[in-house]
Amino acid sequence: MRAWIVTVFALLMGTPALAAAPDTDSIKAILGAARDAWHAPGIAAAVVRDDKVFYLGGVGVRELGDDAPVTANTLFPIGSCTKAFTATALAVLVDDGKADWDDPVRKHLPGFRLDDPLADRDVRLRDLLCHRIGLARHDLLWYRAPWSIEESVRRMAYLERSTSFRSTFEYNNLAYLAAGLSIAAIAKQPWHEFVHERLFKPLKMNHVVFTSGEARKAPDHASPHGHGGGKVIAIPWYNDDKQIRASGSIKASVSDLSHWLRFQLAGGKFDGERVVSANALEETHTGQKTVEKMSAAARAAEAIQVNYGLGWYISEYRGHGILEHGGAVDGFRARIVLVPREKLGLVVLTNLEDMEIVNAAGNNLLDHLLGLEKKDWNAFFTEEHKKTETARRDRLEKRRRERVRGTKPKREYEAYAGTYCEPAYGTVKVRLDDEKLILKWSSFEFPLEHFHYETFLPQPRKERLPEALREATILFEMDEGPDITSLRFLGRTFRREKVPNGREK
């Protein structure tokens, strides 16, 4: 009789009755099914409900060819799930009275500049944290960059706006690099030291690290995997030992992240102790900017609208309000989801580079934990993955069809060798080596293959290049005379340097 009354009361209150006591075997089966569907080496997960850890564990192995299992304590990079930590770190400083969400960025970073006059004059810390500064991603300004974080942020001043200031949601990691430097300036200590001292310590997240070097020294860590030759293979770590990023450098286990879930769901408390005020934390959970382009996954999850808070996406999952964020680092993917009304949270980590793994596993877990009708999310995301791959192949096929065959460069290869510069993207060096042109930019170096006329393409070789470089074109441009004066690359025009005699270098 009592159970019937509770069920009716839940229906009258408009809250769906949750699945009764979901069992850990079912959770492990969901993880195993995702691992099998995507051929992932391993997956780890944590589930928290009502301030208690309900599930901690993993399936599979840390590295292919090794029997060492994924455990609750296995370290994985969590990529952009780091952003919520950065926003929460600023919440701590707001509580301390040292900062305000709407402080001008230049109050703390006097040298910070943007090309758009309006944004340059009025950009605030809040704008950095909710992706509305009017800049496209430009991720290659930090990804594998040999220069410092400070230099990446300095170069933002030379990037033309892609949309008007505060008008459009444009995800931007560079903005979070600037936010991290701002936090460091306010706290008078590096961003990662502040996060460790004011968040990790009180949350008893004792094994979290910030660099790949530290992670690889841990006795229990996963290794990155990607795709090669039609199969899953181990790939090199993303080396960020000299590049600690407020946008995505944290490496953690599901055990440590279960504390983060509890803290977030408890309104800023952990084990009864206040770490950040409820008001300051709630600001990070509040929508700041509408995400105009809703993904197919959000529509399939019956989202009405997607907003971005401060380090969190805010939307609906089949009638339940959620906060979530994904993370991607070479060879790893992560996803953290909060369902505040049900006091439910989960994290899923994997050591394979497909985001669909954690999206499918997370959704299947939500269906199970919330007592919803099952959907085959592995099948759904498999289809989405196929669409992405088909679109990529279609782009390359279109380029192949448009190639004008039988053309040759106007000049001998030696004439194209030289140094080319651009204010934001820096220096490109082109040299002639064994009758091939070799392009070097940032930390990347690759041969060029003639495509048609003055256009060249990166020539495939063993080094894994990011997609933006794999699909790039390099167009050399000439003046009225015989000299090569510039090259177009990554959407930028690099001007050729001149040697003292006035000739192109």
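Structural data are supplied above this passage.
Notes on the structure follow. In this text, all values refer to a predicted model and were calculated from it rather than measured experimentally. (Residues numbered from 1 in each chain as written. Predicted model: local features only at pLDDT ≥ 70, side-chain atom pairs only at ≥ 80, totals over all residues. Heavy atoms only, no water.)

### Quick look at the overall build of the protein
Turning to step 1, where the next piece is worked out: Secondary structure summary: the protein contains 16 helices and 22 strands in total.
Turning to step 2, where the next piece is worked out: Taken over C-alpha atoms, the radius of gyration comes to 25 Å for the protein, in line with the 23 Å a tight globule of 505 residues would show.
Turning to step 3, where the next piece is worked out: Taken over the C-alpha atoms alone, the protein extends approximately 90 × 50 × 45 Å along its principal axes.
Turning to step 4, where the next piece is worked out: When the 505 residues of the protein are sorted by exposure, 55% land in the buried category.
Turning to step 5, where the next piece is worked out: Restricting the contact set of the protein to residue pairs at least 6 apart, pairs at least 24 apart contribute 61%.
Turning to step 6, where the next piece is worked out: Here the protein carries 73 positive and 70 negative side-chain charges, and the mean point of each set is 1 Å from the other. (Helix = DSSP H or I, 4+ residues; strand = E, 2+ residues; numbered from the N terminus. Rg over C-alpha atoms; globule rule 2.2 N^0.38 Å. Buried < 20%, exposed > 50% of the residue type's maximum accessible area, 1.4 Å probe, protein only. Contact = heavy atoms within 4.5 Å. Lys, Arg positive; Asp, Glu negative; His and termini not counted. Charge placed at Lys NZ, Arg CZ, Asp CG, Glu CD.)

### Thoughts on unusual backbone geometry
Excluding glycine, a negative phi dihedral is what most residues carry, and trans is how most peptide bonds are arranged.
Turning to step 1, where the next piece is worked out: A positive phi angle is found at His-39, which is not glycine, with a value near 55°.
Turning to step 2, where the next piece is worked out: Note that His-39 resides in the loop between helix H2 (24-38) and strand E1 (42-49).
Turning to step 3, where the next piece is worked out: We classify His-39 as exposed; its relative accessible area is 57%.

### Here we look at the nonpolar core
Turning to step 1, where the next piece is worked out: Residues Phe-112, Leu-128, Leu-257, Trp-260, Trp-441, Phe-476 and Phe-489 are the most contacted members of the largest nonpolar core, which totals 123 residues.
Turning to step 2, where the next piece is worked out: What Trp-260 contacts, discounting residues up to four positions off in sequence, is Ala-84, Phe-85, Thr-88, Leu-203, Met-205, Trp-312 and Ile-336. (Core = buried A, V, L, I, M, F, W, Y, C linked by side-chain atoms within 4.5 Å.)

### Description of helix H8 (residues 173-187)
Turning to step 1, where the next piece is worked out: Counted at 1.5 Å a residue, the expected span for H8 with its 15 residues is 21 Å, and the 21 Å between its end C-alpha atoms agrees.
Turning to step 2, where the next piece is worked out: With 14 of 15 residues buried, H8 lies mostly within the body of the structure.
Turning to step 3, where the next piece is worked out: With a side-chain oxygen positioned 2.9 Å from the backbone nitrogen of Leu-174, the residue opening H8 is Asn-172. (Expected span 1.5 Å × (residues − 1). Polar contact = N/O pair within 3.5 Å; in protein donor to acceptor, adjacent residues only side chain to side chain.)

### Here's the deal with the side chain of His-131
Turning to step 1, where the next piece is worked out: Turning to its location among the elements, His-131 is positioned in the loop between helix H6 (125-129) and helix H7 (149-154).
Turning to step 2, where the next piece is worked out: In this structure, His-131 is in contact with Lys-83, Thr-168, Phe-169, Glu-170, Tyr-171, Asn-172, Tyr-176 and Tyr-308, ignoring residues within four places of it in sequence.

### Comments concerning helix H11 (residues 254-265)
Turning to step 1, where the next piece is worked out: Taking 1.5 Å of rise per residue, 12 residues should cover 16 Å, and H11 covers 16 Å from first to last C-alpha, within 8% of that figure.
Turning to step 2, where the next piece is worked out: Of all the 12 residues making up H11, 12 are buried; the element is thus mostly covered by neighbouring parts of the structure.
Turning to step 3, where the next piece is worked out: Within H11, burial applies to Val-254, Ser-255, Asp-256, Leu-257, Ser-258, His-259, Trp-260, Leu-261, Arg-262, Phe-263, Gln-264 and Leu-265.

### Quick notes on the sheet that holds strand E2 (residues 52-60)
Turning to step 1, where the next piece is worked out: The eight strands lie next to each other as E2-E1-E14-E13-E12-E11-E10-E9, forming an open sheet whose pairing is antiparallel. The two strands at the open ends of the sheet, each matched to only one other strand, are E2 and strand E9 (289-290).
Turning to step 2, where the next piece is worked out: Examined bridge by bridge, E9 and strand E10 (residues 307-308) share two bridges and lie antiparallel to one another. By the bridge assignment for E10, Lys-289 is matched with Tyr-308.
Turning to step 3, where the next piece is worked out: The sheet contacts of H2 involve E1 and E2, and relative to E2 the element is tilted by about 35°. (Pairing = 2+ DSSP bridges. Axes fitted to C-alpha atoms, helices over the stretch in contact; angles between N-to-C directions.)

### Considering the packing of aromatic side chains
Turning to step 1, where the next piece is worked out: A full pass over the atoms with the stated rule returns 28 aromatic pairs.
Turning to step 2, where the next piece is worked out: Look at Trp-142 and Tyr-143: their rings are 5.9 Å apart centre to centre, the planes differ by 80°, and that puts the pair in the edge-to-face class. Of the two residues, Trp-142 and Tyr-143, neither departs from the other in class, the shared state being buried.
Turning to step 3, where the next piece is worked out: Measuring from centroid to centroid gives 6.2 Å for Tyr-317 and Trp-377, while their planes differ by 40°, and the two rings are tilted. (Phe/Tyr/Trp six-rings, centres within 6.5 Å; stacked < 30°, edge-to-face > 60°.)

### Remarks on the side chain of Lys-289
Turning to step 1, where the next piece is worked out: Note that Lys-289 resides in strand E9.
Turning to step 2, where the next piece is worked out: In this structure the side chain of Lys-289 is engaged in a polar contact, spanning 3.4 Å, whose partner is the backbone oxygen of Ser-167.
Turning to step 3, where the next piece is worked out: When residues no more than four places from it in sequence are discounted, the contact partners of Lys-289 are Cys-130, Arg-132, Arg-166, Ser-167, Thr-168, Phe-169, Asn-307 and Tyr-308.

### What about the pairing of strand E21 (residues 484-489)?
Turning to step 1, where the next piece is worked out: As defined by bridge partners, strand E20 (residues 474-478) adjoins E21 across four bridges and the pair is classed as antiparallel. Of the residues in E21, the one forming a bridge with Glu-477 is Ser-486.
Turning to step 2, where the next piece is worked out: Strand direction decides the pairing type here: E21 and strand E22 (residues 492-496), joined by four bridges, are antiparallel. Bridging from a neighbouring strand, Leu-487 pairs with Phe-494 of E22.
Turning to step 3, where the next piece is worked out: Hairpin connection between E21 and E22: a loop of two residues separates the two successive antiparallel strands, and Leu-490 in this loop has a positive phi of roughly 60°.

### Overview of the sheet that holds E21
Turning to step 1, where the next piece is worked out: What the eight strands build is a closed barrel, ordered E15-E16-E17-E18-E19-E20-E21-E22; its pairing is antiparallel. Strand after strand, the sheet turns through a mean of 30° between neighbouring axes, direction not considered.
Turning to step 2, where the next piece is worked out: Sheet topology places strand E15 (residues 418-422) next to strand E16 (residues 426-433); five bridges connect them, and they run antiparallel. What sits directly across from Thr-419, in E16, is Lys-429.

### A look at the packing of H2 against helix H14 (residues 355-369)
Turning to step 1, where the next piece is worked out: In the contact formed by H2 and H14, the axes pass within 10 Å of each other and the chain directions differ by 155°. What the angle tells us is that H2 and H14 run roughly antiparallel. The interaxial crossing formed by H2 with H14 has right-handed handedness. Between H2, through Ser-26, Ile-27, Ile-30, Leu-31, Ala-34 and Trp-38, and H14, the contact on the second element is made entirely by Glu-356, Ile-357, Ala-360, Ala-361, Asn-364, Leu-365, His-368 and Leu-369.
Turning to step 2, where the next piece is worked out: Residue composition of the contact of H2 with H14, grouped by class: 10 nonpolar, three polar and one charged. (Parallel < 35°, antiparallel > 145°, perpendicular 65-115°, else oblique. Left-handed = near helix turned anticlockwise from the far one by under 90°. Nonpolar A, V, L, I, M, F, W, Y, C, P; charged D, E, K, R; others polar.)

No statement about biological role is implied by the geometric values presented.
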